[in-house]
Amino acid sequence: MSIAFLAEQSFNALQLGLMLFLMAVGVTLAFGTMRLINLAHGSFFMLAAYFYAWIIAQTESGIVAWVGALGALAILAIAIERLIIRPLYLRDHLEQVLATFGLILVFNDLVMMIWGRDPVYVPLPDILSGHVMLGDIAYPTYRLVITAVAVVIGIAIWYLIACTRTGGLIRASADNRAVVQALGANVDRLGAVVFALVAVLAGIAGIMTAPLIAVTSGMGDSVLIQSLVVVIIGGLGSIAGALVGAILVAFVEVFGRTYLPMALGNTTGFALANMAIYLLMAVTLVWRPFGIFGKPR
Amino acid sequence: MTTLPLSVRIGIVCVATAAIAALAAFGDQTMLRFASRIAIMGLAAVAVDVVLGYAGLVSLGHAAFFGLGAYVTGALALMGHTEGLIVWPIAVGTAALAALIIGALALRTSGVYFIMITLAFAQMFYYGANAVPGLGGADGFRLPSRSTLGGLPLDNPRAFFVLSAFILVAVLLFARRASFAAFGYALQAARDDDVRSAASGIENYRLRLAAFAISGAIAGLAGVLSANLTLYIAPSSVLSWHLSAELLVMVILGMAGTLYGAVVGAAIFLALVEVISHYTDFWAMYVGIAVIARVLLIRDGLLVTLRRLVTA
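Quick notes on the rules
Residues numbered from 1 in each chain as written. Chains lettered and ligands numbered in written order. Predicted model: local features only at pLDDT ≥ 70, side-chain atom pairs only at ≥ 80, totals over all residues. Helix = DSSP H or I, 4+ residues; strand = E, 2+ residues; numbered from the N terminus. Buried ≥ 20, exposed ≤ 12 C-beta atoms within 10 Å, placed from the backbone. Contact = placed C-beta atoms within 7 Å. Rg over C-alpha atoms; globule rule 2.2 N^0.38 Å. Expected span 1.5 Å × (residues − 1). pLDDT = per-residue confidence, 0-100. Axes fitted to C-alpha atoms, helices over the stretch in contact; angles between N-to-C directions. Parallel < 35°, antiparallel > 145°, perpendicular 65-115°, else oblique. Left-handed = near helix turned anticlockwise from the far one by under 90°. Nonpolar A, V, L, I, M, F, W, Y, C, P; charged D, E, K, R; others polar. Pairing = 2+ DSSP bridges.

### Some remarks on the overall build of chain B
Scanning chain B for helices and strands turns up 14 helices and four strands. Seen through its C-alpha atoms, chain B measures out along the principal axes to roughly 50 × 45 × 40 Å. Burial analysis of chain B (312 residues in total) assigns 50% to the buried set. Once local pairs closer than 6 in sequence are excluded, the contacts in chain B between residues at least 24 apart make up 78%.

This is the structure we're talking about:
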């Protein structure tokens, strides 16, 4: 087992972790600000990838596809928030689960109706399709770039939450929505802004992941559940928790898939590797029922 | 909660009995198969209603127990064990044990955490089943034969339907009796106000855990029957998280906290899917629209609305 291989695996894990963070931070913000559990979060991940694939096939311009896909997603998210999500803020979580599950069913079928059942492949941009030498390892340029982009976005999220007025309102309504409203802030508009923001974050993750995997209906489901595991481990409503949870889950996932089959033989190893992040979650729950950074609620 | 007049209740029981008897006597193969599916999914929905309606807990992980019941039945059948009197208790016991372990961890939390944790643990079984050697992985596997019950074969669809309906009715009666026992009242007290119930000496955690394990056992039993009906098991058919969500939809389509409402909901749901999939491959989209409409437009279940009309 060479150091180079270890380093490459670590980079892969870091990159997966940052993608999961972009998803999980949305789950955590939606719950923190609006007490909303949104299962359709994975649908934004999928829809952005489909939008991007379609626009880039029409225009062959990466920039147009990025702007178009995220713009369309933001508009869609605002419409969904207004029509379906807003009436559910004060209802119980069961109804939020059911309505957002309904949205998943609709979107999964809708993309198949429009773009067909076959997976859609998204080309890598030419400039990014090569490899970069990091010491001894040739690492794919594209993975390196999306890792960097994710870091920049992560810092931007932190700045938005910690240093701006909107961020202050988001943090305040996570603590007490009623008081924020009583102080004169427009919490409805804040909800819409946050919902569009988390949709765009999920969309960025979806677009950046699209060239690495095939774009298919239902691709958001597994990502959604992984990001829920991240949030359970990190603690619901905590942004630091989302980051720590995402990195933990990603490292366990990537290294589990590599080393467990080596250590335990292929059959047991693969089965355990498939279940590794859930076992990590179980262990965390024994230790802290509400996640590492979570508070009982 | 309002209760229906006695005459209406007796009427409902008579109609249900007549429907089961008529199906058992005159139903053809297709109808019997569909009716058996309703009974089986109804049973699973009753399991969800036990925790949702009586303990107030939203479980998004009941596919795990359903799937475990099915997988244990299937794995034992592959090894040549098909005697239901031995296999079924093992399968149901495994599901109950899994519910006990998952419940022990998940019940330390509540609300959204409980929903997400049950979902995540069910996903663990889903991905685990994808990788277990000898059970077909993601493609699933066919069962060599149906279980026998005390040596009697269950291959006759009529006999199988009668058995499924009998089990459903027996579980309904058992659960209904339990809901009027001290156990059921304590459980509902813990649901309504856990501080007061704790103050009056009710051990909320242990009570909920018991309910969750019973519910897991019932879902496991439904999984056992499902494996015997379809003779085909795959992670995507018995362990998918969509199944867990659909079970919640069924309970909500009927009425949570009534047990029989879950069966009505299962019948409505399966009939809806059957009819829509006759016209289009994209039936799931219309089901999704129906679910969203149900949540946004009809605030209570269909049965609550009906019941209000009857009792008004």
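### Focus on the overall build of chain A
Helix and strand counts for chain A stand at 11 helices and two strands. When the helices and strands of chain A are listed from N to C terminus, the series reads α-α-α-α-β-β-α-α-α-α-α-α-α. Against the globule reference of 19 Å for 297 residues, chain A gives a C-alpha radius of gyration of 19 Å, in line with a compact fold. Of the contacts formed within chain A by residues at least 6 apart in sequence, a portion of 73% connects residues at least 24 apart.

### Notes on helix 9 (residues 219-234) of chain A
All names here are of chain A. Between the first and last C-alpha of helix 9 there are 23 Å, a value that for 16 residues agrees with the 22 Å anticipated at 1.5 Å per step. For helix 9, the buried fraction is high: 15 of the 16 residues fall into the buried class. Trailing helix 9 by a residue or two, Gly-235 shows a phi angle of about 115°, which is positive.

### Structural notes on the interface of chain B and chain A
Opposite the 37 residues of chain B that make contact, chain A presents 39 residues. Going through the elements one at a time, helix 5 (111-131), helix 11 (241-253) and helix 13 (283-297) of chain B are the ones with two or more residues in the side of chain B that touches chain A. Among the elements that line the side of chain B that touches chain A, the one with the most residues is helix 5 of chain B, at 15 residues.

### Things to note about the confidence of the model for chain B
Looking at chain B as a whole, the pLDDT averages 91, with 95% of positions reaching at least 70. Two numbers describe this predicted complex: its pTM, 0.92, and its ipTM, 0.90.

### Considering the packing of helix 4 (residues 93-115) of chain A against helix 13 of chain B
Packing of helix 4 of chain A against helix 13 of chain B leaves a shortest axis separation of 7 Å and a crossing angle of 155°. Here helix 4 of chain A is positioned roughly antiparallel relative to helix 13 of chain B, judged by the angle of their axes. As for how helix 4 of chain A packs across helix 13 of chain B, the hand of that crossing is left-handed. Every residue of helix 13 of chain B that contacts helix 4 of chain A at Glu95(A), Leu98(A), Ala99(A), Phe101(A), Gly102(A), Leu103(A), Leu105(A), Val106(A), Asn108(A), Asp109(A) and Leu110(A) is listed here: Ala284(B), Met285(B), Val287(B), Gly288(B), Ile289(B), Val291(B), Ile292(B), Val295(B) and Leu296(B). Here the residues of the contact of helix 4 of chain A with helix 13 of chain B sort into 15 nonpolar, three polar and two charged.

### A short note on the pairing of strand 1 (residues 131-134) of chain A
Residue and element names in this part refer to chain A. Sheet topology places strand 1 next to strand 2 (residues 137-140); four bridges connect them, and they run antiparallel. Within strand 2, the residue paired with Met-133 across the bridge is Ala-138. As consecutive antiparallel partners, strand 1 and strand 2 are separated by two residues, and within that stretch Gly-135 has a phi angle of approximately 65°, a positive value.

### Some thoughts on the environment of Ile40(B)
All names here are of chain B. In this structure, Ile-40 sits in helix 2 (residues 29-54). Sequence separation between Ile-40 and Val-224 is 184 residues; the distance between their C-alpha atoms is 9.3 Å. Contact partners of Ile-40, with chain neighbours within four places excluded, come to Ser-164, Ala-222, Leu-225, Ser-226 and Leu-229.

### Things to note about the environment of Met113(A)
Residue and element names in this part refer to chain A. In this fold, Met-113 is placed in helix 4. Looking at Met-113, the number of C-beta atoms within 10 Å reads 13, which means it is partly exposed. Distance in space between the C-alpha atoms of Met-113 and Leu-201 is 25 Å, their sequence separation being 88 residues.

### Notes on the packing of helix 1 (residues 3-34) of chain A against helix 8 (residues 187-209) of chain A
Between two packed helices, both the angle of their axes relative to each other and the distance between the axes serve to describe the pair. Residue and element names in this part refer to chain A. Where helix 1 contacts helix 8, the two axes come as close as 8 Å, and the packing angle between them is 165°. With respect to helix 8, the axis of helix 1 lies roughly antiparallel. Viewed along their axes, helix 1 and helix 8 form a crossing whose handedness is left-handed. Counting all contacts with helix 1, which are made through Met-19, Leu-22, Met-23, Val-25, Gly-26, Leu-29, Ala-30, Thr-33 and Met-34, the residues of helix 8 involved are Leu-190, Gly-191, Val-194, Phe-195, Val-198, Leu-201, Ala-202, Ile-204, Ala-205, Met-208 and Thr-209. Looking at the contact of helix 1 with helix 8 residue by residue, the class counts come to 16 nonpolar, four polar and no charged.

### Focus on unusual backbone geometry
Residue and element names in this part refer to chain A. Of note, Glu-60 is a non-glycine position whose phi angle comes to about 55°, a positive value. Within the secondary structure, Glu-60 is located in the loop between helix 2 (41-59) and helix 3 (62-85). Judged by C-beta crowding, with 10 C-beta atoms within 10 Å, Glu-60 ranks as exposed.

### Describing helix 10 (residues 239-264) of chain A
The end-to-end C-alpha distance of helix 10 of chain A, which contains 26 residues, comes to 35 Å, matching closely the 38 Å that a straight helix rising 1.5 Å per residue would cover. Of the residues one or two after helix 10 of chain A, Gly265(A) is the one with positive phi, at around 85°.

### A closer look at the environment of Thr109(B)
Here Thr109(B) shows up in the loop between helix 4 (84-106) and helix 5. Along the backbone, Thr109(B) and Phe160(B) are 51 residues apart, and their C-alpha atoms lie at a distance of 40 Å. Look past the residues within four positions of Thr109(B) in its chain and what remains in contact with it is Pro289(A), Phe290(A), Phe114(B) and Ile117(B).

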